[in-house]
Amino acid sequence: MKWFLGHLDQVWQLMLNHAVLALIPLVVGLLLAIPLGWLATRYRVLYSPLIAGTGLLYTIPSLALFILMPLVLGTGILDPVNVVVALTIYTIALLVRTVADGLGSVPDDVVQAATAMGIGRGRRFWSVELPLAVPVIAAGLRVAAVSNVSIVSVAALLGIPQLGSLFTDGFARNFLDPIAVGILACMVLALAMDLAILWISRAATPWLRTRVAT
Amino acid sequence: MISFTDVTKVYPGGTTAVGGLSLTAPTGKITVLVGPSGCGKTTSLRMINRMIEPTSGTIEIDGRDTSTLNPNELRRGIGYVIQSGGLFPHRTILDNIATVPLLLGWDKAKARTRAHELLERVGLDPILGKRYPNQLSGGQQQRVGVARALAADPPVMLMDEPFSAVDPVVREQLQDEFLRLQGELDKTIVFVTHDIDEAMKLGDQVAVLRVGGILAQLATPAKLLADPHDDFVADFLGRDRGYRGLAFAEAPELPLRDEPVVLLGSTVAQAAEIAAGDQWVLVVDDARAPLGWAEPDRLSGLIDRDHLHRGGTVARVGGSLRAALDAALSAPSRRGVLVDEDGRLVGTVRAQDVLSAIERRPAGAVA
Ligand SMILES: Nc1ncnc2c1ncn2[C@@H]1O[C@H](COP(=O)(O)OP(=O)(O)OP(=O)(O)O)[C@@H](O)[C@H]1O
Ligand SMILES: [Mg+2]
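Residues numbered from 1 in each chain as written. Chains lettered and ligands numbered in written order. Predicted model: local features only at pLDDT ≥ 70, side-chain atom pairs only at ≥ 80, totals over all residues. Heavy atoms only, no water.

Student: Would you mind going over the overall build of chain A with me for this structure?
Tutor: Scanning chain A from terminus to terminus reveals nine helices and zero strands. Mapped in sequence order, the helices and strands of chain A form the string α-α-α-α-α-α-α-α-α. Each of the three principal axes of chain A carries a C-alpha extent, and together these read 65 × 45 × 20 Å. Counting all 214 residues of chain A, 46% fall into the buried class. Restricting to contacts in chain A with at least 6 residues of sequence separation, those with at least 24 account for 74%. Taking the 12 positively charged and 9 negatively charged side chains of chain A as two groups, their mean positions are separated by 10 Å. (Helix = DSSP H or I, 4+ residues; strand = E, 2+ residues; numbered from the N terminus. Buried < 20%, exposed > 50% of the residue type's maximum accessible area, 1.4 Å probe, protein only. Contact = heavy atoms within 4.5 Å. Lys, Arg positive; Asp, Glu negative; His and termini not counted. Charge placed at Lys NZ, Arg CZ, Asp CG, Glu CD.)

Student: Looking at this structure, I do not really get the sheet that holds strand β12 (residues 281-284) of chain B. What am I missing?
Tutor: Residues and elements named next belong to chain B. The strand order across the open sheet formed by three strands is β11-β12-β13, and the pairing between neighbours is mixed. Of all strands in the sheet, those bounded by a partner on one side alone are β11 (261-263) and β13 (290-294). Going across the sheet, the axis of each strand differs from the next one's by a mean of 35°, ignoring polarity. (Pairing = 2+ DSSP bridges. Axes fitted to C-alpha atoms, helices over the stretch in contact; angles between N-to-C directions.)

Student: What am I meant to see in the interface of chain A and chain B here?
Tutor: How big an interface is tends to be reported as the loss of accessible area on association of its parts. Across the contact, 22 residues belong to chain A and 26 residues belong to chain B. Across the chain A to chain B interface the summed buried area is about 2000 Å²; carbon plus sulfur atoms make up 63%. Area buried by chain A at its contact with chain B is led by Ala116(A), Met117(A) and Trp207(A), which between them contribute 29% of it. For the pair chain A and chain B, the number of links is six residue pairs in polar contact (both at pLDDT 80 or more). For the side of chain A that touches chain B, the leading source of residues is helix α6 (residues 108-116) of chain A, giving seven residues. Among the residues making up the side of chain A that touches chain B, the classes are represented as 13 nonpolar, six polar and three charged. (Buried area = accessible area lost by both parts, 1.4 Å probe. Polar contact = N/O pair within 3.5 Å; in protein donor to acceptor, adjacent residues only side chain to side chain. Nonpolar A, V, L, I, M, F, W, Y, C, P; charged D, E, K, R; others polar.)

Student: Teacher, can you tell me more about the pairing of strand β6 (residues 78-82) of chain B here?
Tutor: Side chains on a regular strand alternate between the two faces of the sheet. Residues and elements named next belong to chain B. In terms of residue burial, β6 counts as a mostly covered element, since five of its five residues are buried. Because side chains alternate across β6, one face comprises the buried residues Ile78, Tyr80 and Ile82, and the other comprises Gly79 and Val81, equally buried. In this structure, β6 lies alongside strand β7 (residues 156-160), joined through five bridges in parallel fashion. Within the sheet, the bridge partner assigned to tyrosine 80 lies in β7 and is leucine 158.

Student: Is there a simple way to explain the site of ligand 1 in this structure?
Tutor: Residues and elements named next belong to chain B. With respect to spatial proximity, the complete set of residues near ligand 1 consists of Tyr11, Thr15, Ala17, Ser37, Gly38, Cys39, Gly40, Lys41, Thr42, Thr43 and Glu161. At a separation of 2.8 Å, an oxygen atom of ligand 1 approaches a polar side-chain atom of lysine 41. A distance of 2.5 Å separates an oxygen atom of ligand 1 from a polar atom in the side chain of threonine 43. When ligand 1 sits alone it has 630 Å² of accessible area, and the protein chains cover 60% of it. Top element by residues in the shell around ligand 1 is helix α1 (residues 41-48). It accounts for three residues. Each residue belonging to the shell around ligand 1 can be placed in one class, and the counts come to three nonpolar, six polar and two charged. (Near = heavy atom within 4 Å. Areas by Shrake-Rupley, 256 points an atom, 1.4 Å probe, with all protein chains shown as cover.)

Shown next as structure tokens:
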């Protein structure tokens with residue numbers, strides 16, 4: 001506790017770093033997963049390869065990916081871009097399936113009705129299918145957010161400063177306080193992101209919070 | 001006018017859903033496609049707005065080959081209603097109804113006004129406009145579906161079993177209102193159902209299809225009942241064809257009898273006097289609208305509504321022979337009550353008089 005109060009500024013700074021490193025990949029990953037998920041539902045033949053292929057990405061160990069990134073991207077080993085790109089890959093791995101499932105959950109008669117009214121394919125996607133897929137996509141996004149927060153800490157092993165640095169620091173000095181604070185801060189951050197996504201998803205789906213007529 | 005010329009649809013996999021269909025749906029009329037499940041009704045309907053492309057043959061709307069038109073523009077000019085309503089769950093009722101007007105580039109205020117107007121037109125409280133579809137009953141959703149299809153006032157409407165997901169009472173209401181609306185709007189409608197009674201009730205003409213999308217018979221309901229083309233059509237039409245056919249036969253002048261009446265609230269003694277020995281006497285209100293039959297011998301005091309036998313149906317003068325016959329058969333006095341347009345008593349008719357009117361009709365006559 002005393003250690004924590006003495007290092008408030010440092011913990012706050014690490015937490016911000018951590019949040020940025022987790023959040024950017026989440027957003028970028030979502031933006032990339034949407035077209036991929038759309039392709040998977042639009043062209044049946046692509047469904048299995050896309051879902052299996054992106055799912056496979058998630059099985060690459062994170063440390064290995066962090067170390068491989070500089071070789072692929074030509075960046076320095078300490079460059080945070082490595083972490084961002086690696087986490088974007090994980091996010092895509094988690095979200096392509098979610099987006100495809102979300103789009104698949106849109107009732108067929110609603111899509112048919114939209115088509116029958118002369119709503120073109122593109123407009124139908126943005127104005128009907130994607131909004132109706134929000135609840136499913138948001139559920140996947142919450143998993144990805146928590147997963148990202150936890151994977152970011154691994155990057156501490158490479159010396160990229162974020163909450164994980166508290167673990168390496170505490171471990172090196174055989175000092176428990178920073179480790180405990182780091183764990184707590186990670187949990188707070190994960191919870192905050194989880195709640196934020198939940199809140200945004202609720203705001204985007206007002207029709208789900210109505211009294212259902214029987 | 002919508003015309004199919006030798007239209008065939010073979011799905012990938014080899015199912016022939018529609019086989020060489022030729023038929024015309026006249027302007028301003030309701031053409032019903034009816035037939036057993038899987039006979040290609042939905043496929044035929046969706047080929048009209050090109051949600052399904054025919055394998056061969058042509059479909060023309062007012063002489064224009066639909067395959068030469070832009071599909072989305074074509075569809076914006078054709079109302080489409082499906083069984084489940086197919087409403088957008090994430091849009092309010094008003095926004096649902098305003099969909100096509102907005103696509104057509106109407107300004108928002110005009111589209112909203114129009115949506116409001118349609119809500120009332122299909123018999124819904126405008127208060128419902130702000131709700132989401134899941135806050136409406138099935139019957140209400142179906143009305144919204146109809147309102148949405150009508151929003152841009154398309155000359156053509158395609159309806160795929162629009163009333164089959166609601167209970168029978170609501171279905172009957174929706175059908176009646178649909179006929180009333182069509183009476184005002186005169187749309188060219190192609191209506192799909194597998195319910196033969198619905199087909200008979202709504203269709204100006206009815207196309208009976210058999211599996212494989214083959215036209216078994218295309219005729220008015222009366223003609224179908226009077227003269228089914230083959231066993232398939234006859235079986236599909238079901239029993240009681242003779243009796244049901246009377247629904248389409250306008251009653252000629254029937255020999256009406258004056259019926260003695262008592263006013264609601266009269267004493268039983270007065271009623272007995274008017275009945276003059278008859279077991280039953282007809283009770284009317286101040287406007288001479290028939291309320292029901294009373295049996296003075298079994299009553300005492302004043303005649304009130306609870307005393308009335310209400311089993312008898314009421315037919316309109318100039319209505320169908322079926323309605324007149326049914327009125328006579330269902331009245332406890334066996335005297336069928338006939339009323340004018342305003343529901344006021346004109347007289348009563350006996351079953352035997354209706355029957356002789358039926359017998360005087362030429363055999364196989366069709367309205
Ligand atoms: N997309 C499709 N691919 C392959 N076959 C199809 C397809 N859609 C329909 N069919 C087949 O075509 C035939 C006609 O189907 P359609 O949906 O037009 O029938 P329907 O008369 O509307 O039936 P129902 O009363 O059950 O709605 C059926 O045998 C059906 O299995
Ligand atoms: Mg069908």
